[in-house]
Structures are given as C-alpha cells and as structure tokens.
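# Descriptive structure summary
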Amino acid sequence: MTDLTSPFSQVPAGLPRRAFLRVAGASAATAGLVLAGCGKTDTPPVVNSNILYLGSTSTSAADVDAGLLNYFFLLKQLEAAFYQRVVDALPTDLPPAERAFFSDLRDHELVHRETLRYALGNRAYDAAAAQPLPFDFSSLTLTTRAGVLAAAQQLEDLGVAAYAGALRLVRTPDLVALVAKMSSVEARHAALLRDLRTPGSFAGDDVVVNAGVLQSVSLAKTPAQVIAEAKAFFLPIVVSTDLLPTA
Amino acid sequence: MDLFKIFSEIEKIDGEVYERFDTRRRVFKHLTGLGKTITAATMPALLSTMFNKAYGQTSGLSPEIKNTLNLALQLEYLEFHFYDTALNTPDLIPASDRPAVTIIRDDELGHINAIKGLLSTDAIPDPTRLAFDYTAGGRLAPFSSSAEFYGTAQGFVDTGMRAYKGGATKLMPNKDILTAALNIHSVEARHSAHVRLMRRVLAGSTNGGDIAGGPGNANPKSWISLTERDGPRPSVTAPVYGPGNTTDFPGEDNVQQGGKNVQTTATYPTIPGVTLTDAMKAAAASEAFDEPLDDGTVKSIARNFRSPLGERLGLFA
C-alpha cells in the first residue's frame, strides 16, 4: 500500500518518519514481530527494547498528525481484533437478538481500522511489519454475555474518551473531519453496549460529565491515560505516548 | 481624576466608546442606585465595574466561531423545549422511558449552558417554547403518541450530531471550543443510539435493527444505516440523512472516505455460516461513519420547526 496517491497529502510521504516506531529487538524475539517503520533517513530502530513509541520528536504538522493517527489506528486494531475474537466464538448465553450487534460492531471497527491504515500509508507504525501486533485478551472473560459486554463497554467508552481528549491535538482539518466521523459512531457503540448491560445507562454520569464551564460533555482522556488503561492488551509490548503532543 | 479626559483618550482608539456605555445604561442605573455618595475611595472600583460591563463580557470570538456556536445553541433550544414539552405531556412517554428522556432533556440544558458560557453576551437568548412549532406546519404530530415522539426525536438528535460535525473544522482556531463542540456532539450520538433503541423496543424488534431501519424506518439500528429510508417521517426527515449543499457533505449512505471506497478497502473476513452480501457491506461501510452537514442545510431543516414567533425572531436565518 502506498500513500503517494493518498488524499491525505497533508501528510507528505517524503518527510522523516523518525520515531513513529522505535521498536523492538526484544519484542521481535518474544512476540515474533519484526516491526519497522523507518526509511533510510531515519534513526535506526532502538534495539533491545520492546517499547512502541507512538509519535515523533518532529513538531511538523504532518509528523504530529501521523503520530496521533497511529494512536487512533492502534486502538482500532485493538477493537477490531477484540470483536473478531467475540464473533468467532459468541458466548452461548448471548441471545439471538443480540448477535447481530457484534457483527456490526466488528464490521465498523474493521472499516475504521482500514480507513486509518489507508490514511497513514507507509507511515502506519506497522507498515513494514511481517504480521500485525498481537493483542493479549487473557484478562477478559469472553465466554459469557456479561463478560463480553463488560469488555466491549470498556473498550468503547475508552475509545470515545480517547477521541474526546486527542482530536483537538490533530492539526490538519481534513483529518479532524475524518476522525470526527468515526468518533460519534464510537459513541453510538458505547451507548448501545451500556444499555445492553445496564438499561438506561447510555449517557451515564461516569462518561457524560461537567468540565469547567462545560456541562454534559463527553469524558475526555489524554493518550497517556488511555494507553495506561489499555496496557494489559499490548503485553509484552509497552506502548509509550511520550512522543505524542500534549497540547 | 478627569473622567472625560479618560473617555476622550479611549475614543482615540475605540470610536464606539460612548455607544458601549450608552447601550449599557444599566451600568449607570447600578451606579446611581447605590444610594450613597461616590467618594474618591470607591471611584476606582466603580469605574472598574463600568468598564468591565462595557468591554469585559463579549466572548472575543471570531464571527465564524460565534455564528457556528449560535447555530448550535439554537438547535439545543429547539431540542430542549421539544423534550421538555414531551415530559410535560401526560401519558405520552412510557413510564419506563421517562428517566432516559429526562436525562436527554437535562443534557440538552447542559449543552445550552455550556455554549452560553462560551459565547457570553454573544449568545442568542432562549427564544422560549413559543418560538417553536414541533408539528412542522402540521406535517408531524410528535406529542400524539410515543412512536411519533421518538420518530421526531431521532430526526432532531441526528440533525444535531451532523450539525456539530459540520461546524467542527470552523472551530479549529480555538482548540477549547473545538473540544467542547466535539464532546457535546458525541453525547448527541449517545442520545441518538438510545432513541433508536427505544424505537426498536416500541416496534417489538427481535433483531437489533434492520439495514436502513427497515420498512418505514420503524426498526432502526443504533447507528445511521444508509439514508435510513429517508428517516422516520420522510416528508420532514429526508434531508436529515441526505446530502448537504456541497460535495463536501455527502449523504449518510456515503462510502467514500478520504477519497477511498471503504466498502471495498476494508477486508471482511469469511465468517462460517454467514454470507456477506454487497448490500450488507455497503450498509456497514456507511454505518461506520456519521457524516457532517453544512449549516445551510441544517438551518433549512430547522426552519421547519419555527413558529411565527421564531420566524420573527430570525431563528435559523
């Protein structure tokens, strides 16, 4: 896949992709990954580390945005993998009326993931990876309706909070517009899952909050907060947001 | 202290200084109403108050941001009074749904307060319930049954969601306001998902919703699927799901994202026992994205709901 013809030409292909990814000799050994996102002008990958750095030391708009898109992309990969796992082995106590929800959710996340991958082109953190990052779902109970709903709600609420906290950091208007189109669908997902779990909790006050002068707005989390909550899924890789912008 | 000299100096850089004070006569009323002698000691504090009233309370936002926020504010007034009227209409909302509708109504009030806080004195004041005609000139009867109420509600929440999204990039010069709008807009999306769930329950749905909401859009999914067969009440809701005024604002059935057809880009793995048809893929590709709507189209939808008073007040003009 190339981004030479990408409409996202605001992210020029020629700029250094330094530090999108400084992964990971040890991870390659432990997880069977060979991840590299660096062209010949880039800093060589950091070896003997299993840290995946999202973002870049560059402050150009293109590099900042690519770092943030990689952050969203990683979360989408996580969600898509999660729903695929669920759809592959639906809990036996999931009523037939609720099964279609999960194939829809899986489809939406796949579409989001592929859209972001396309937007990133060869700037995707795993563009040169032999295989995608595996996710560790061993902390979840995926054999029961209750377990699946709890996990799905956690991921979707986290996704909504991630957009709420990080969309403001994206500098290219077309990319803000593109990601915003997905962010409200994420909120729809979250609302449905919450209602399935606890009827009437679609806009509970743990996720719809007052913040300063603002009332009834989505809870927002920084990339660091989001990744911290999701860190168990990335093991043995440690995802770092240190190179993402904070303002 | 020579007050007139101060004003004269200000006039050199702000020709409208006298007008600012003149249109804020309450400031002077407040001053004279103190009922005590203005002493040299109290004068600085009083002057400070006066100047704050004259200069300190406008939002200082650009016209484009103000217009975008004021359109959003008018839509929030429209929504708030809609839910508030429904909650005050006996036997309209099933008892089991009243808590949810109350949450939605209260969130809309929260959004009103939030936007008013951002706009300060630039905020359009609440035009009151009397400014709105929720029958859209006799085409709808939203307070006649819960089905009619929820159908109209779905049109409102989805319009609001698309309107915020359409205005988002205009707010980018002010990151805090961009964040506020986007984070209000995702709450609207949560509301929409719930209204759609209530509609499914009402319809006795057993499948989680049909593509495009099925016949009469009576069995909608929690997300916008294609153009929702023109929505719950097509004579009014068709433009809610249709395209906007320019090619930047395609309809909700759009599958071109960032110049790419996501229906064909995305990989749909084979699922045992399930055959994915092209129609299903098109639906999923459209559902995965909520589309923005331009302010012109949003206003034309909203103008359906102006009463003569609302028209006189220039709502959604």
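Residues numbered from 1 in each chain as written. Chains lettered and ligands numbered in written order. Predicted model: local features only at pLDDT ≥ 70, side-chain atom pairs only at ≥ 80, totals over all residues. Heavy atoms only, no water.

Within an unreviewed UniProt entry, the label attached to chain B reads Ferritin-like domain-containing protein, and the organism entered is Hymenobacter montanus.

## A short note on the overall build of chain B
The test is simple: Numbering of helices and strands runs from the N terminus; a helix is a DSSP stretch of H or I covering at least four residues, while a strand is a stretch of E covering at least two. Here the term buried applies to any residue with accessible area under 20% of the maximum for its type, exposed to any over 50%, and partly exposed to those in between, with areas from a 1.4 Å probe on protein chains only. Only heavy atoms enter the contact rule, under which two residues are in contact if any of them lie within 4.5 Å. The Shrake-Rupley method, run with a 1.4 Å probe sphere, supplies the accessible areas, and residue values consider only the shown protein chains as cover.
Regarding its fold elements, chain B presents 13 helices and two strands. Within the span of chain B, comprising 317 residues, buried residues form 51% of the whole. A sequence separation of at least 24 residues applies to 71% of the contacts in chain B between residues at least 6 apart. Of the roughly 13800 Å² of accessible surface on chain B, 55% is carried by carbon and sulfur atoms.

## Brief notes about the overall build of chain A
Of the regular secondary structure elements, chain A holds six helices and four strands. Contacts in chain A between residues far apart in sequence, at least 24 positions, make up 77% of those at least 6 positions apart. Here chain A displays about 8900 Å² of accessible surface, and carbon together with sulfur accounts for 56% of that area.

## As for the packing of aromatic side chains
Residues and elements named next belong to chain B. So the rule is basically this: A pair of Phe, Tyr and Trp rings is counted when the ring centres sit within 6.5 Å of each other, with Trp represented by its six-membered ring. The angle between the planes then sorts it: under 30 degrees is stacked, over 60 is edge-to-face, the rest tilted.
Tallied over the entire structure, the rule returns 20 aromatic pairs over all chains. With 5.2 Å between their ring centres and 35 degrees between their planes, Phe82 and Phe149 make a pair best called tilted. Of this pair, Phe82 sits in helix H5 (residues 63–87) while Phe149 is found in helix H7 (residues 146–167), placing the two residues 67 residues apart along the sequence. Here Phe82 falls in the buried class, since its relative accessible area comes to 0%. The buried category is assigned to Phe149, whose relative accessible area is 1%. Taken together, a centroid distance of 5.9 Å and an interplanar angle of 80 degrees make the contact between Tyr134 and Phe143 edge-to-face.

## A closer look at the pattern of salt bridges
Test applied: Only one rule defines a salt bridge in this text: a Lys or Arg side-chain nitrogen within 4 Å of an Asp or Glu carboxyl oxygen.
Tallied over the full model, the rule gives 26 salt bridges over all chains. A salt bridge links Asp176 of chain B to Arg168 of chain A, with the shortest nitrogen-to-oxygen separation between them at 2.9 Å. Taken together, the residues Asp176 of chain B in helix H8 (residues 175–202) and Arg168 of chain A in the loop between helix H4 (145–166) and helix H5 (173–197) connect one chain to another. Across the pair Arg188 of chain A and Asp158 of chain B runs a salt bridge whose closest N-O atoms are separated by 3.0 Å. Taken together, the residues Arg188 of chain A in helix H5 and Asp158 of chain B in helix H7 connect one chain to another. By the burial criterion, Arg188 of chain A is buried, and Asp158 of chain B matches it. Put simply, Arg188 of chain A together with Asp158, Arg196, Glu228 and Asp290 of chain B are held in one network by salt bridges that share partners.

## A short note on the interface of chain B and chain A
Formally: Buried area, as used here, totals the accessible surface that two parts lose on assembly, with accessibility defined by a 1.4 Å probe and the loss added over both. Here a polar contact is taken to be a pair of N or O atoms separated by no more than 3.5 Å, where protein atoms must pair a possible hydrogen donor with a possible acceptor and residues adjacent in sequence count only if both atoms sit in side chains. By the convention adopted, Pro, Cys, Tyr, Trp, Phe, Met, Ile, Leu, Val and Ala count as nonpolar, Lys, Arg, Asp and Glu as charged, and the other residues, Gly among them, as polar.
Contacts between chain B and chain A engage 63 residues on the former and 57 residues on the latter. For the pairing of chain B and chain A, the buried interface totals around 4700 Å² over both sides, and the portion due to carbon and sulfur atoms is 64%. Of all residues in chain B, the largest losses of buried area upon contact with chain A belong to Asn183, Arg190 and Trp223 of chain B, amounting jointly to 17% of the total for that side. Our enumeration of links across chain B and chain A arrives at six salt bridges. Between Asp104 of chain A and Lys221 of chain B there is a salt bridge, with the nearest N and O atoms lying 2.9 Å from each other. For the pair chain B and chain A, the number of links is 26 residue pairs in polar contact (both at pLDDT 80 or more). Of all the secondary structure elements, the ones that give two or more residues to the side of chain B that touches chain A are helix H6 (98–119), H7, H8, helix H10 (262–265) and helix H11 (278–287) of chain B. Looking at the side of chain B that touches chain A residue by residue, the classes come out as 27 nonpolar, 22 polar and 14 charged.

## A word on the pairing of strand S2 (residues 208–211) of chain A
Using the following cut-off: In short, DSSP must find at least two bridges between two strands for them to pair.
With three bridges connecting them, S2 of chain A and strand S3 (residues 214–218) of chain A associate as antiparallel partners. Across the sheet, residue Val208 of chain A finds its bridge partner in S3 of chain A, namely Ser218 of chain A.

## Here we look at the packing of helix H2 (residues 61–88) of chain A against H4 of chain A
Residue and element names in this part refer to chain A. How we decide: Only C-alpha atoms enter the line fits that serve as axes; for helices the fit covers just the stretch in contact. Angles between N-to-C directions range over 0 to 180 degrees. Between 65 and 115 degrees an angle is taken as roughly perpendicular, under 35 as roughly parallel, over 145 as roughly antiparallel, and anywhere else as oblique. Helix crossings get a hand from a simple test, with the near helix turned counterclockwise from the far one by less than a right angle marking a left-handed crossing and a clockwise turn marking a right-handed one.
At a closest axis distance of 11 Å, the pairing of H2 and H4 adopts a crossing angle of 165 degrees. Taken as axis vectors, H2 and H4 run roughly antiparallel relative to one another. Classified by chirality, the crossing of H4 by H2 is left-handed. Contact with H2, carried on its side by Tyr71, Phe72, Leu75, Lys76, Leu78, Glu79, Phe82, Tyr83 and Val86, involves Val148, Ala151, Ala152, Leu155, Glu156, Ala162, Tyr163 and Ala166 of H4 and no other residues of that element.

## Here we look at the pairing of S3 of chain A
For a regular strand, the rule is simple: side chains alternate between the two faces of the sheet. The buried count for S3 of chain A comes to four of five residues, which makes it a mostly enclosed element. Between S2 of chain A and S3 of chain A, which follow one another and run antiparallel, lie two residues, and Gly212 of chain A among them has a positive phi close to 65 degrees.

## Let's talk about the environment of Ala168 of chain B
Residue and element names in this part refer to chain B. For Ala168, the location among the structural elements is in the loop between H7 and H8. For Ala168, a relative accessible area of 3% gives the class buried. As a C-alpha pair, Ala168 and Ala181 span 13 residues in sequence and 6.9 Å in three-dimensional space. Ignoring any residue separated from it by four or fewer positions in sequence, one finds Ala168 in contact with Leu178 and Leu182.

## A short note on the nonpolar core
To be explicit about the condition: Only buried Ala, Val, Leu, Ile, Met, Phe, Trp, Tyr and Cys residues count toward a nonpolar core, and they belong to the same one when joined by side-chain atoms within 4.5 Å. What fixes the domain bounds is an automatic or database domain assignment.
Counting 140 residues, the largest nonpolar core has Tyr71, Phe72, Leu74, Phe82 and Phe102 of chain A together with Leu78 and Phe149 of chain B as the members making the most contacts within it. Per element, the largest residue contribution to this core is 14 residues, and it comes from H2 of chain A. Per-domain counts for this core show at least three residues from each of domain 2 (63–253 + 289–312) and domain 3 (255–286) of chain B. The contact partners of Phe149 of chain B, leaving out residues within four places of it in the chain, are Phe82, Tyr83, Ala86, Leu92, Ile93, Val101 and Pro142 of chain B.

## A short note on the environment of Arg129 of chain B
Residues and elements named next belong to chain B. Considering the arrangement of structural elements, one finds Arg129 in the loop between H6 and H7. Of the residues examined, Arg129 reaches a relative accessible area of 29% and is grouped as partly exposed. Note: C-alpha distance between Arg129 and Leu78 (51 residues apart in sequence) is 8.1 Å. For Arg129, the contacting residues outside a window of four places in its chain are His81, Thr85, Tyr134 and Phe143. One polar contact links Arg129 to Thr85, side chain to side chain, over a distance of 2.7 Å.

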